[in-house]
Amino acid sequence: KSPLHIANNGLWIKPQHIPGTDNDWTVTAEANLENTAYTDATGSIRATIYDGETEVAQAESDRVTCPADGSATAKATMIVQNPERWDVDNPKLYRVKVELLENGKEIDTDETRIGFRTIAADAEHGFLLNGRVLKLKGTCNHQDHAGVGVAVPDSLQYYRIRRLKEMGTNAYRCSHNLPTKAVLDACDEYGLVVMDENRRFESSPEVLG
């Protein structure tokens, strides 16, 4: 890697519905930058949202200075008009590519996926997804697999989520550990709402994140 680079698991992408609009959204892309050099470094990020191979939105952050042997955060904000919403029956996902630029040249890149959806809960209607009442039908799952344990390939996590979806579930409770990324990715892809449970009462960055 370049001394100035995007940190491991350093992307945070937040879509927010714009109040008063039918289906317009702001998407904030933040990248945690690390600098392993002995001198300060300056860079910016360029964030691009794709629907398949079609570019939906793009924005570039202001230049930020990352101190020597330190970190900094770069942020870019985009507007997306009328995206297709993520739903348990139509789990639409968009790809977000974040490029780290130094003097206009790409020196690092990372990607993640997002969905556009609103959630709410109230005493009268219960849980609402995209403004409609949704009855959650799910299961509580420990991080284990009969006969193979917990150190398993991602394909086995996808197999479990796919089978649960085929059974008619639309929700998944992680019990009781921080779930592996493959579980959350599979739920995103197959259309399951997640209760991302965490019973580790710590203040470490991994747990707080």
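Residues numbered from 1 in each chain as written. Predicted model: local features only at pLDDT ≥ 70, side-chain atom pairs only at ≥ 80, totals over all residues. Heavy atoms only, no water.

Caption draft 1: Fine view of the nonpolar core. Ranked by internal contacts, the top residues of the largest apolar core, which has 28 residues, are V27, L33, I45, I49, M78 and V98. Counting residues per element, the ones that place at least two in this core are β1 (4-17), β2 (24-35), β3 (41-51), β4 (54-60), β5 (64-66), β6 (70-81) and β7 (94-102). Discounting residues that sit within four places of it in the chain, V98 has contacts with I6, L11, I13, A31, I45, R46, A47, D108, T109 and D110. Listed in part, the 10 residues of the second largest apolar core include I161, C174, V183 and A186. (Core = buried A, V, L, I, M, F, W, Y, C linked by side-chain atoms within 4.5 Å. Buried < 20%, exposed > 50% of the residue type's maximum accessible area, 1.4 Å probe, protein only. Helix = DSSP H or I, 4+ residues; strand = E, 2+ residues; numbered from the N terminus. Contact = heavy atoms within 4.5 Å.)

Caption draft 2: A look at the sheet that holds strand β11 (residues 132-133). Strand order in the open sheet formed by 3 strands is β9-β10-β11, with antiparallel pairing between adjacent strands. Both outer strands of the open sheet, β9 (119-122) and β11, are each paired with one neighbouring strand and no more. Relative to β11, strand β10 (residues 126-129) is paired through 2 bridges, and the arrangement is antiparallel. Looking at β11, one finds that L128 is bridged to V133. (Pairing = 2+ DSSP bridges.)

Caption draft 3: Expanded view of the packing of aromatic side chains. The final tally for this structure, using the stated rule, is 3 aromatic pairs. Seen in terms of ring centroids, W25 and F116 are 5.3 Å apart; in terms of plane orientation they differ by 75°. Their pairing is edge-to-face. Residue W25 is found in strand β2, and its partner F116 is found in the loop between β8 (105-114) and β9; the two are separated by 91 residues along the sequence. When sorted by exposure, W25 lands in the same class as F116, which is buried. Ring geometry for Y94 against F116: centres 5.2 Å apart, planes inclined by 85°, an arrangement best described as edge-to-face. Of the two residues, Y94 is situated in strand β7 and F116 in the loop between β8 and β9; the sequence distance between them amounts to 22 residues. Counting every residue linked through ring pairs, the aromatic cluster contains W25, Y94 and F116. Sitting over the ring of Y94, K92 keeps its end group 5.3 Å from the ring centre. (Phe/Tyr/Trp six-rings, centres within 6.5 Å; stacked < 30°, edge-to-face > 60°. Lys NZ or Arg CZ within 6 Å of the ring centre and 35° of its normal.)

Caption draft 4: How the structure looks around the pairing of β2. As paired strands, β1 and β2 are joined by 10 bridges and run antiparallel to one another. Directly across from H5, in β2, lies its bridge partner E34. Between β1 and β2, which follow one another and run antiparallel, lie 6 residues, and G20 among them has a positive phi close to 90°. Summarising the sheet, β2 and β6 pair through 12 bridges and their orientation is antiparallel. Within the sheet, the bridge partner assigned to V27 lies in β6 and is M78.

Caption draft 5: Expanded view of helix α1 (residues 154-166). Between its first and last C-alpha, α1 extends 19 Å over 13 residues, near the 18 Å set by a 1.5 Å rise per residue. Considered for burial, the residues of α1 that qualify are Q157, Y158, R160, I161 and L164. One side of α1 holds all its buried residues, which, seen down the axis, span an arc of 160°. Residues of α1 that are exposed and angled more than 90 degrees away from the buried face: S155 and E166. Packing partners of the buried residues in α1 comprise β8, β12 (138-142), β13 (171-175) and α2 (181-190). Once α1 ends, the next one or two residues include G168, with phi positive near 110°. (Expected span 1.5 Å × (residues − 1). Arc of directions from axis to C-beta.)

Interpretation note: all reported values are geometric properties and have no functional meaning in isolation.
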